[in-house]
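Structural characterization, general
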Amino acid sequence: MNNTAISFSVQFIVLMLAQVLVLNHINFLGHINPYLYVLFILLFPINNNRLVFLLISFALGLGIDIFSDSGGVHAAAALSIAFIRPVVLKFCFGSVYEHQTIKFKNVDFGAKVIYFIILIVIHHFILFALEIFNLRDIILVLQKTLFSSIFTIILCLMATIIFSRKT
Amino acid sequence: MQQIIKFFLRNKTFLLYLFLLSIAIVFTIQSHSYHKSKFINSANFVTGGIYNSTNNLSIYFSLKSQNLLLQEENARLSSIVYTPNDTVNGSFITDTIYSGVNYKFTPAQVIKNSYSATNNVLLINRGKRDSLKQDFGVITQKGILGIVDRTSNKFATVLSILNTNIKISAQLKNTNHFGSLMWDTKSPQVVQLHEISKIAPLKKGDTIVTSGRSIIFPKGIPVGTIKDFRLDSAENFYTVDIQLFNDMTNIEYVYIIENVDKSEINSLIKPSNE
């Protein structure tokens, strides 16, 4: 138990620093950045203590916000996907989730991809909608959501494949 | 009473979510209004320190291009020194009198640059310790960069001109037609100048400089050249696209401008509160 707590704290710090020091400066084609830190929320172990999970997600988002001077946009987006995660889990994994026996290492790959896509697109949409904060620029919001989501999804899948300890 | 407590216990996740979300939204709204981001900014001990130490490493990768920029500036400055007649283009240094207002320049270094978001904020390695305050102007050797927002002891955040929350007064270099500078978030090389009067003689390639009508920037700091212009929907004013002199994606050494007479001017402009 203690071991997992330490490993998740390390993951928290590493993902946050990687995000603010490296990934925020990629600016692929001008303005497209991946937001890999959502991986922490996606892969957080499933247990019943949702309050702690919400607080940790909020802290992660707020940390990114302080680093990137963006107000509270990351905090709101991270918090929201943490809140709706159970619904998406139920939708994607069905009965496996109902029996509380889900392990991200050995779930069906297709279901995992869908799970990633849904949460990442929602996260990015909230993020850019709040960042731009102007209904007139809704096209820009959708455009940024689309491109950044693709980038993030690819990076998240690569990270899970590379760092999986199955082999 | 018991009912209420039960209700809270049953919906505690949702209530916590609402509570945290409202905090986040408040921070977001604060960050969207000028000079209101009180808590969430990177000019603090921890984030400033981390950015500073990583910048100490990454600075080596841009040494070559930054050296070239500094050399360019040196060449320009020495050409001013050796030509007594002031005809060098766009040099604000030569205009030493600045219409009677005194300005103080402080060099600084950018330790975090940002240009891809809609509200871009830079971090520089000067702070209260170097007597920086809110609303000091920041320029590079090529032109305008932004305005100081939050300061901590050692660091300060700068709202760059690539930020939808700031407006800077600018004018044509040849005539005195002025407008306000804003950014439409499309490209980090192009900003927009609004409310230039319809009768102003505009030409592509003309230089735009700061107007000196605000107390932040002296008159005549170069901004960019006219790339394109069109009448706005009411057909009374021009909206002008300006190609910036600065490459906003490659900025390292900057100068902070302090208006020495600021408090005096402020006390004149603002109605004394009796």
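Remember, predicted model here, so these are calculated numbers, not experimental data. (Residues numbered from 1 in each chain as written. Chains lettered and ligands numbered in written order. Predicted model: local features only at pLDDT ≥ 70, side-chain atom pairs only at ≥ 80, totals over all residues. Heavy atoms only, no water.)

1. Quick word on the overall build of chain A
Helix and strand counts for chain A stand at 7 helices and 0 strands. Along the first, second and third principal axes, the C-alpha set of chain A runs to 45 × 30 × 30 Å. Per-residue burial over chain A gives 50% buried out of 167 residues. Working note: accessible area of chain A is about 8,300 Å², and carbon and sulfur atoms make up 71% of it. Of the side chains in chain A, 10 bear a positive and 6 a negative charge, and the two mean positions are spaced by 12 Å. (Helix = DSSP H or I, 4+ residues; strand = E, 2+ residues; numbered from the N terminus. Buried < 20%, exposed > 50% of the residue type's maximum accessible area, 1.4 Å probe, protein only. Areas by Shrake-Rupley, 256 points an atom, 1.4 Å probe, with all protein chains shown as cover. Lys, Arg positive; Asp, Glu negative; His and termini not counted. Charge placed at Lys NZ, Arg CZ, Asp CG, Glu CD.)

2. Here we look at the sheet that holds strand E6 (residues 168-172) of chain B
Residue and element names in this part refer to chain B. The strand order E6-E7-E8-E11-E10-E9 describes a closed barrel built from 6 strands, whose pairing is antiparallel. Each adjacent strand pair in this sheet contributes to an overall mean axis angle of 40 degrees, direction not counted. In the sheet, E6 pairs with strand E7 (residues 178-182) via 4 bridges, with the strands oriented antiparallel. The partner of Ala170 across the bridge, within E7, is Gly179. (Pairing = 2+ DSSP bridges. Axes fitted to C-alpha atoms, helices over the stretch in contact; angles between N-to-C directions.)

3. Observations concerning the state of the cysteines
Residue and element names in this part refer to chain A. Tallying each qualifying case throughout the model produces 0 disulfides over all chains. Just so you know, Cys92 is unpaired, no disulfide at all, and the nearest cysteine sulfur is the one on Cys156, 14 Å from it. Assessed through its relative accessible area of 14%, Cys92 is described here as buried. (Disulfide = S-S within 2.5 Å.)

4. Thoughts on the interface of chain A and chain B
Where the parts come together, the accessible area they lose is often given as the size of the interface. Each partner contributes to the interface: chain A provides 34 residues, whereas chain B provides 33 residues. For the pairing of chain A and chain B, the buried interface totals around 2,800 Å² over both sides, and the portion due to carbon and sulfur atoms is 72%. On the chain A side of the interface with chain B, the three residues burying the most area are Ile66, Phe67 and Asp69 of chain A, jointly 22% of the side's total. Here chain A is connected to chain B by 1 salt bridge. Residue Lys112 of chain B pairs with Asp69 of chain A through a salt bridge whose shortest N-O separation is 2.9 Å. Along the contact surface separating chain A from chain B lie 7 residue pairs in polar contact (both at pLDDT 80 or more). Breaking the side of chain A that touches chain B down by element, the ones donating at least two residues are helix H1 (2-21), helix H3 (50-68), helix H4 (73-93), helix H6 (109-132) and helix H7 (138-162) of chain A. No other element matches the 10 residues that H3 of chain A contributes to the side of chain A that touches chain B. (Contact = heavy atoms within 4.5 Å. Buried area = accessible area lost by both parts, 1.4 Å probe. Salt bridge = Lys/Arg side-chain N within 4 Å of Asp/Glu carboxyl O. Polar contact = N/O pair within 3.5 Å; in protein donor to acceptor, adjacent residues only side chain to side chain.)

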